[in-house]
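Inside the fold
In case you want the letters, here they are:
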2 protein chains.
Amino acid sequence: MRQAIEIAVENVRSGHGGPFAALVVKDGRVIASGTNRVTTSNDPTAHAEIVAIRQACAELGSFQLEGCDLYATCEPCPMCLGAIYWARPARVFYGATAADAAQAGFDDAFIYRQLVLPAEQRSIPIVSLLREEALACFREWLAKPDRMPY
Amino acid sequence: MRQAIEIAVENVRSGHGGPFAALVVKDGRVIASGTNRVTTSNDPTAHAEIVAIRQACAELGSFQLEGCDLYATCEPCPMCLGAIYWARPARVFYGATAADAAQAGFDDAFIYRQLVLPAEQRSIPIVSLLREEALACFREWLAKPDRMPY
């Protein structure tokens with residue numbers, strides 16, 4: 001965690017992005033590290049955890065972080081927590097809390113509150129369209145004998 | 001949406017990944033498209049929406065999707081919904097529902113339920129560590145006069 005904190009502080013000093021870093025550790029070894037690069041890479045998904053998860057998976061040649069621990073300098077936002085559930089590491093450790101982040105201007109709590117609202121009450125309109133036709137995607141998937149679940 | 005559905009069906013047929021696609025539209029023009037590439041790119045974050053958002057932001061040279069609409073063949077999972085809130089498109093349209101996805105084996109609802117649980121009750125342990133030291137990241141950020149908020 002101390003290593004992640006150092007990297008996050010350096011990320012701010014160097015002007016590379018927000019005050020966040022994350023490391024993926026497997027068998028006591030750091031296999032990937034990520035820092036926030038949203039503004040410098042023009043990628044709103046380039047949160048430290050997402051960057052580290054992608055790099056660790058590339059390193060392992062797997063879409064799963066089996067037996068890995070993720071160290072993040074701050075409590076993950078909903079996007080990153082979702083990514084954690086898809087990547088399935090063994091454990092997650094975080095430093096500062098979401099409330100600490102909010103005090104520094106990063107209001108993840110807003111997104112947490114939006115996620116549990118019915119779609120029609122969210123601040124970004126999320127509207128269903130052509131559901132019947134879209135089911136063709138799943139029919140195709142379920143009919144594919146060699147599909148790879150994830 | 002019909003175009004997105006076609007791309008998703010083709011993504012399954014070609015064995016490139018799961019039955020999902022997303023398009024970003026600005027001023028009536030498709031500026032980015034993404035399909036699910038989780039298993040073929042070893043990237044658990046390579047959901048169609050994330051791929052499309054990253055590509056659209058690269059195209060626009062911005063970390064915000066101002067004035068853009070996102071069309072996704074299925075209701076976004078929590079990770080993608082989080083990414084949508086960070087990217088801030090104007091509107092989101094989706095085809096199939098999360099319940100339809102669950103019937104095809106994609107249980108996003110599990111992650112939605114996990115997100116609202118207290119950290120200590122989640123299936124992946126999420127543990128706080130060195131909070132006081134981690135606050136150094138935010139102090140560095142708030143002391144940086146030319147920081148770029150996002």
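That block above? That's the structure.
Residues numbered from 1 in each chain as written. Chains lettered and ligands numbered in written order. Predicted model: local features only at pLDDT ≥ 70, side-chain atom pairs only at ≥ 80, totals over all residues. Heavy atoms only, no water.

**Things to note about the environment of alanine 32 of chain A**
Residue and element names in this part refer to chain A. What counts, and what does not: Note on conventions: DSSP H or I runs of at least 4 residues are helices, E runs of at least 2 residues are strands, and numbering of each starts at the N terminus. Any residue under 20% of the maximum accessible area for its type is buried, any over 50% is exposed, and the rest in between are partly exposed; the area is computed with a 1.4 Å probe on protein chains only. By definition, residues are in contact when any of their heavy atoms lie within 4.5 Å.
Of note, alanine 32 is situated in strand S2 (residues 29-35). The exposure class of alanine 32 is buried, given its relative accessible area of 2%. Sequence separation of alanine 32 and alanine 22 is 10 residues, and the distance between their C-alpha atoms is 8.3 Å. Non-local contacts of alanine 32, meaning those with residues more than four positions away in its chain, are made with Ala22, Leu23, Val24, Ala52, Gln55 and Ala56.

**Some points on helix H6 (residues 131-142) of chain B**
For clarity, the threshold we go by: What a helix is expected to span follows from its residue count: subtract one and scale by 1.5 Å. Working definition: the arc comes from the directions between the helix axis and the C-beta atoms, pointing outward to the latter.
The end-to-end C-alpha separation of H6 of chain B is 17 Å, in line with the 16 Å expected for 12 residues at 1.5 Å each. Considered for burial, the residues of H6 of chain B that qualify are Ala134, Leu135, Cys137, Phe138 and Trp141 of chain B. Considered in projection along H6 of chain B, the buried side chains sweep an arc of 135° and stay on one side of the axis. What points out from H6 of chain B, more than 90 degrees from its buried face, is the exposed set Glu132 and Arg139 of chain B. The secondary structure elements touched by the buried residues of H6 of chain B are helix H1 (2-13), strand S3 (68-74), strand S4 (91-96) and helix H5 (98-103) of chain A.

**Concerning the pairing of S3 of chain A**
Residues and elements named next belong to chain A. Note the following rule: Being paired, for any two strands, means DSSP has found at least two bridges between them.
The buried fraction of S3 amounts to 7 of the 7 residues, a majority that puts the element mostly inside the structure. Relative to S3, strand S1 (residues 21-26) runs antiparallel, the two being bridged by 5 bridges. When the sheet's bridge partners are listed, valine 25 is paired in S3 with aspartate 69. Pairing between S3 and S4: 5 bridges, direction parallel.

**Description of the relation of the copies chain B and chain A**
Relating the two copies of this chain is a rotation about some axis coupled with a shift parallel to it. Where we set the bar: The copies were overlaid with a least-squares fit restricted to C-alpha atoms from residues scoring a pLDDT of at least 70 in each copy.
Note on the copies: chain B fits chain A at an RMSD of 0.0 Å, the axial shift is 0.0 Å, and the rotation between them is 180°. Here the copies are linked by what is in effect a two-fold axis. When C-alpha positions in chain B are compared against the rotation axis, the closest is assigned to methionine 79 of chain B, at 2.0 Å.

**Points about the pattern of salt bridges**
Residue and element names in this part refer to chain B. Operational definition: Salt bridge, as used here, is a side-chain nitrogen of Lys or Arg placed within 4 Å of a carboxyl oxygen of Asp or Glu.
Here the structure, examined in full by the defined rule, presents 12 salt bridges over all chains. Here aspartate 69 ties to arginine 91 by a salt bridge, and the two come within 2.6 Å at their closest N and O atoms. One end of the pair, aspartate 69, is in strand S3 (residues 68-74); the other, arginine 91, is in strand S4 (residues 91-96), with 22 residues separating them in the sequence. Looking at aspartate 69, the relative accessible area reads 10%, which means it is buried.

**A closer look at the interface of chain B and chain A**
The following threshold applies: Note: buried area is the sum, over both parts, of the accessible area (probe 1.4 Å) each one loses when the two are combined.
If you look at the interface, chain B gives 86 residues, while chain A gives 86 residues. When chain B packs against chain A, the two sides together hide about 7,700 Å² of surface, and 71% of this comes from carbon and sulfur. The tally of links from chain B across to chain A stands at 8 salt bridges. Salt-bridge contacts for arginine 54 of chain A lead to aspartate 43 of chain B; the nearest nitrogen and oxygen are separated by 2.7 Å.

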